[in-house]
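Tertiary structure, described
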Amino acid sequence: MLGNVWEWVNDWYGGYSADAQTNPQGPSSGSYRVRRGGSWFNSTHFVGSSVRYYVTPDLSDNSFGFRALRAP
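Everything quoted here is computed from the prediction, not taken from an experiment. (Residues numbered from 1 in each chain as written. Predicted model: local features only at pLDDT ≥ 70, side-chain atom pairs only at ≥ 80, totals over all residues. Heavy atoms only, no water.)

For the rest of this paragraph, the subject is the packing of aromatic side chains. This model, assessed by the stated rule, comprises 6 aromatic pairs. When the ring of W6 is compared with that of Y53, the centres are 6.3 Å apart and the planes differ by 40°; the resulting orientation is tilted. Here Y53 lies in strand β3 (residues 52-55) and W6 lies in strand β1 (residues 6-12), a separation of 47 residues in the sequence. A residue is classified by how much of its surface remains accessible, and Y53, at 39% relative accessible area, is partly exposed. Ring plane angle 70° and centroid distance 4.9 Å describe the contact between Y32 and Y54, whose orientation is recorded as edge-to-face. Taken as a pair, Y32 in the loop between β1 and β2 (33-36) and Y54 in strand β3 lie far apart in primary sequence, 22 residues in all. Relative accessible area serves as the criterion here: at 35%, Y32 is assigned to the partly exposed category. Residue classification places Y54 among the partly exposed residues on the basis of a relative accessible area of 36%. (Phe/Tyr/Trp six-rings, centres within 6.5 Å; stacked < 30°, edge-to-face > 60°. Helix = DSSP H or I, 4+ residues; strand = E, 2+ residues; numbered from the N terminus. Buried < 20%, exposed > 50% of the residue type's maximum accessible area, 1.4 Å probe, protein only.)

The following block contains the structure:
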């Protein structure tokens, strides 16, 4: 699914701890939200699950999307 659209995630943008982590959480608040994965519009440099970028929460674009999830 990578490379279709940037995926909006629920995290606020911020630094991560240098310690090894599984599903690291960003800060509890902030000015920017995280998007991940790259889109059809970007070069292959931006396509990857570890690629993240920050954007204002009110920004919309045809290269952004989201994935609906359900908690177990």
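Here we take up the sheet that holds β2. Strand order in the open sheet made by the 4 strands is β3-β2-β1-β4, with mixed pairing throughout. Among the strands making up the open sheet, the edge pair consists of β3 and β4 (64-65). Two elements, β1 and β4, share 2 bridges in a ladder whose sense is parallel. Residue pairing for β4: W6 is matched across the bridge by F64. (Pairing = 2+ DSSP bridges.)

As a further point, take the pairing of β1. Inspection of the sheet shows β1 paired to β2 by 3 bridges, in the antiparallel sense. By the bridge assignment for β2, W8 is matched with R35.

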